[in-house]
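Secondary and tertiary structure notes
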Amino acid sequence: MRGLSKQEAIASCEKWGDNRLPEQEKSGFWSVFLGNANDPMIRILCVALLVNIVLAAASAFGWIPENVAWYEPVGIAVAILLATFVSSFSEYNNENAFRRLQEEASRVMCKVWRDGSLVELPIDDIVRGDEILLQTGDKVPADGFVVDGSLKVDQAALNGEAQETAKIPVKEGYVYDEGTVDFLDPFRVFRGAVVVSGSAHMRAAVVGEMSVYGGIAKDLGHEDDRDTPLKVKLGALAKGISVFGYIGGGVIALSLLFQRVVVANQFDLSLIGAYVANWTRLLNDIINAVMLAVIIIVMAVPEGLPLMIAIVSALNMGKMLKDNVLVRKIFGIETAGSLNFLFSDKTGTITKGKLEAIGFYDAQCVEYAEYDTVPPELRRYLGYSLCLNTGAVLSGDGKPAIAGNGTERALLNFASSKDDSASAKVVEQIPFNSTDKFSAAIIETDAENVFEKKTWTLVKGAPEKIIDKCAYYIEKNGAKTALSSIDTINKTVDSLADRAIRVIALALCSEKISPGGEGLDQRFPADAEWILVGIVGIRDDIRPESAGSIAEVLNAGVRVVMITGDRKETAVAIAKEAGLLADPGDIVLSSDELAGLNDDELKKKLPFIKVIARALPADKSRLIRIAQELNFVAGMTGDGVNDSPALKKADVGFAMGGGTEVAKEASEIVILDDNFSSINKAILYGRTIFNSIRKFIVFQLTINVSAVFVTFIAPLLGQDSPLSITQILWINLIMDTLAALAFGGEPALRRYMSEQPKRREESIVSPGMWSAIITGALWTFALSCVYLFTSLLKSYFTADSGVDTFHTGYFALFVFTAVFNAFNARTEKINLFDNMSGNQGFLRVLGIIVVVQVALVYLGGAVFNCWGLSAKQWMAIIALALTIMPIDIVRKFIPAFTREREVKALTQSGVK
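Residues numbered from 1 in each chain as written. Predicted model: local features only at pLDDT ≥ 70, side-chain atom pairs only at ≥ 80, totals over all residues. Heavy atoms only, no water.

With that settled, consider the overall build of the protein. Assigned secondary structure in the protein consists of 32 helices and 26 strands. The buried share among the 912 residues of the protein stands at 54%. For the protein, long-range pairs separated by at least 24 residues make up 72% of all intrachain contacts whose partners lie at least 6 apart in sequence. Carbon and sulfur atoms make up 57% of the accessible area of the protein, which amounts to about 38,800 Å² in all. (Helix = DSSP H or I, 4+ residues; strand = E, 2+ residues; numbered from the N terminus. Buried < 20%, exposed > 50% of the residue type's maximum accessible area, 1.4 Å probe, protein only. Contact = heavy atoms within 4.5 Å. Areas by Shrake-Rupley, 256 points an atom, 1.4 Å probe, with all protein chains shown as cover.)

Listed below in structure tokens is the structure:
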């Protein structure tokens, strides 16, 4: 029996442990809290708070004549703690949720022999003594040694040297030394190494944290996230806003001092001199002015933007996982929404990926729909070709095949029995690669010689690579006969290709394949004898949803290019069925034709290219490079080792869930169901995130601008700052953390797929957004001026309760105006409740803000300078605040009309 039994595996696990790696140390809540408390702005506030506490204490003990209320420093301390706590709690929960999602969906599966059958197990379940099948593209899952087969591995992740190292089976008497690490040992393989080529079985000798990779993992830190185009745009926006905040804060501090020193003393020099002489009062006013400036800077600086990105990305990541899209690197979602070009694999993405061999055709083009119907003598050679020249392996039940690539599994499944190949054994195997377009296996026959020769090389691959070389074919009775013409077989190949059926040619070669060179001509001697066994047709049906998904992506302004290793005729048939080839100007190129174009010629043709046939890995990297040189955002799908460079080079790489681990590691997003419609969803979610962030920016900047204007103008007109420091801190909490939660849950709307991709250099704040920000800020400022400086409202709010109620009313007015403006910011539609059911969290968060605000009005007291409002005063506040809604609705009519004209113009001009 091959491999460990279930009982042996359990015993090994109990003795040596399983294959889990030590978890990286997670940041605890208090660690996150202290990190946020270390923010420069918070530190400045804390210093100012400390000075205020000293002054309050000095005033309480009568050391200074100035009366400094004790509740001011207490209120500021509570506001700072509350804001830091809420933001830290959100960040902590978001990070943990993100980690859990990735751990759950990123489990690596390995091909392991257990109880005599080859099964797929999670990497963590491997134990010492397990026998594991390694194939091209796999990552070695444990430290161990090769027991059969041969392969080449890249150990750069372990030793930093990006070179291929050959690994061969151990010799008799070999002893594995756990105490040494020798990467050049030809028998040993180490966890984390990548199988570049070949196929072999290894035996696990060291697992889990005791492996070399496990030791490295203990010292691994968090990887730094690289900046994305969105983050660069947000960084530029944040810098501009910060400059505005710093200048505004400084000017406001000076204006407040001017009001206290000059305006309050009626411009009388003697009064001003007496004021200055009272140094404690002057110092207190200077500290208050500096604290107000710092608060304004804190309010203006959009520190909520990173939190907003984290929240909206995490929320959408969870939704995407339910739609079979795993986000490995969070910026991949953002970038997917801005794609201009998507270079997509055909197999398993546009097609179902469930390859099925529909029949075998001999050299005389006789069709055999079932393997068992092939004449026994001919079937012997067909069995050699299908069962020995393959990387696939039959499972314990006989079917279906696992391991290998999709084509090899389909061919092995077609062979109903391996009995026909039992008389031969494989001496050496050369796996398929997309550059050479063939695979080979050197076999030795144990029974009677094959055509008077015991050793042969089995070759399978592209018909145009193999058929032309064949001078002979095998008849039904097994006889070798001269192949006088290949026209008939080539017509059959073309006919199958026109029906979107992939064709694989099978042949025998009399000479051994050489290890060096590229292609059949360099790997085999010129005088080698080639015998055609026949061809096999493989069908891979178009996914029913592919045509609709491709149409939607095209309508979104994304140019889709299908890349396939199929013949040009097969590729054209599939592209037409998928809806990719619709216009007469669409271009289909083979790899050779693509290579014949220089870069300038390719740049001119790129917008019209729809299909690349017989593609090579280098073609993908070149297409990505050309698109990026044209300043386009380019995405790439892939599943193999050779796809990794292009996946890494692309702005966003989409790896297929059924692909190699190397491809997944090179990508930002993994499509778990290998479905093009899932890529469509990734683009939609990317655009949803971009639009959600834009909505948040409109809401935030409206408050920023209006607050700075009001706080600056009021002292110049003889009015103390209408908002206290604690009130501003509460508004800042609304604007950052709570607003991020409210806008982060916006639903993915299909209409986003009707928008054109955003240009790479396009500002994140559009003209329409500026109109919303300026309109909202100016209206809030106008309401503030009406409230603060008109006698009617001032008398209405001070008649019974005095000036404190007046400031209480303004605080409520400002907050409720911001709350109502949130409805304006969340949709560009006239209907402010458009798709509200898709983000019920929005209403919950705003409800929390309203409840807390009402509580502060009645319970805030001296800390928040709030002393309650009467029912009539509340009615006035609500009526004034609600006016921001119709004002913005009026504004929306003009942009809506302009946008409609732009869309109509684009449609008429043929832009898709």
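The discussion continues.
The next point concerns helix α12 (residues 376-387). Taking 1.5 Å per residue as the helical rise, α12 with its 12 residues ought to reach 16 Å, and the 15 Å between its terminal C-alpha atoms agrees with that figure. Burial within α12 is extensive, with 10 of its 12 residues counted as buried. Residues of α12 that are buried: L378, R379, R380, Y381, L382, G383, Y384, S385, L386 and C387. (Expected span 1.5 Å × (residues − 1).)

In the predicted model, the protein carries a mean pLDDT of 80, and the fraction of residues at 70 or more is 81%. Note on residues 220-226: pLDDT under 50 across the span, and eight contacts to partners over four residues away in sequence or across chains. Here residues 896-912 scores under 50 on pLDDT; set against residues more than four positions off or in separate chains, the count is nine contacts. (pLDDT = per-residue confidence, 0-100.)

This next bit is on the pairing of strand β9 (residues 341-345). Among the five residues that make up β9, five are buried, leaving the element largely enclosed by the rest of the structure. Of the two faces of β9, the one holding F341, F343 and D345 and the one holding L342 and S344 are both buried throughout. Relative to strand β21 (residues 559-563), β9 is paired through five bridges, and the arrangement is parallel. Across the sheet, the residue bridging to F343 is V561, located in β21. Of the pairings in the sheet, the one linking β9 to strand β24 (residues 634-638) comprises three bridges and is parallel in character. Residue pairing in the sheet places F341 in a bridge with A634 of β24. (Pairing = 2+ DSSP bridges.)

Positioned with a positive phi, N835 is a non-glycine residue whose angle comes to about 55°. With respect to the secondary-structure elements, N835 resides in the loop between α28 (803-825) and α29 (840-859).

The full count for this structure, using the stated rule, is 32 salt bridges. Salt-bridge contacts for R2 lead to E131; the nearest nitrogen and oxygen are separated by 2.7 Å. Taken together, the positions of R2 in the segment before α1 (6-16) and E131 in strand β3 (residues 131-135) put the pair 129 residues apart, joining distant regions of the chain. Judged by its relative accessible area of 30%, R2 falls in the partly exposed class. Across the pair K480 and E529 runs a salt bridge, and its minimum N-O distance is 3.1 Å. In this pair, K480 sits in strand β18 (residues 480-482) while E529 sits in the loop between α16 (519-523) and β20 (530-539), placing the two residues 49 residues apart along the sequence. A single salt-bridge network, built from bridges that share partners, covers E464, D494, R567, E569 and R614. (Salt bridge = Lys/Arg side-chain N within 4 Å of Asp/Glu carboxyl O.)

One open sheet accounts for eight strands, arranged β8-β26-β25-β24-β9-β21-β23-β22; its pairing is mixed. Taken across any chain shown, the strands that pair with only one partner, and hence form the sheet edges, are β8 (325-327) and β22 (587-590). Pairwise comparison of adjacent strand axes, ignoring direction, gives a mean angle of 20° for this sheet. In the packing of helix α18 (residues 568-578) onto the sheet, contacts are made with β21, β22 and β23 (609-613), and the angle to β23 comes to roughly 140°. (Axes fitted to C-alpha atoms, helices over the stretch in contact; angles between N-to-C directions.)

Moving on to a nonpolar patch on the surface. A surface patch of nonpolar side chains, amounting to about 440 Å² of accessible area, comprises F244, F709, W770, I774 and L778. It is helix α26 (residues 767-789) that provides the largest number of residues to the nonpolar patch, a total of three residues. Considering the arrangement of structural elements, one finds I774 in helix α26. Residue classification places I774 among the partly exposed residues on the basis of a relative accessible area of 46%. (Patch = residues over 30% accessible without salt bridge, like charges linked within 9 Å, V, L, I, M, F, W, Y side chains within 5 Å.)

Turning our attention to the packing of aromatic side chains. Applying the stated criterion to the full structure yields 21 aromatic pairs. Relative to F842, the ring of F743 lies with its centre 5.6 Å away and its plane at 70°, an arrangement referred to as edge-to-face. In this pair, F743 sits in helix α25 (residues 725-744) while F842 sits in helix α29, placing the two residues 99 residues apart along the sequence. Residue classification places F743 among the buried positions, given a relative accessible area of 1%. Residue class for F842 comes out buried when judged on its relative accessible area of 0%. Taken together, the ring pairs connect F699, F743, F823, F833 and F842 into an aromatic cluster. For the cation-ring pair, R128 lies above W16, with the distance from its terminal atom to the ring centre recorded as 3.7 Å. Stacked on the ring of F842, the Lys or Arg R826 has its end atom at 5.6 Å from the ring centre. (Phe/Tyr/Trp six-rings, centres within 6.5 Å; stacked < 30°, edge-to-face > 60°. Lys NZ or Arg CZ within 6 Å of the ring centre and 35° of its normal.)

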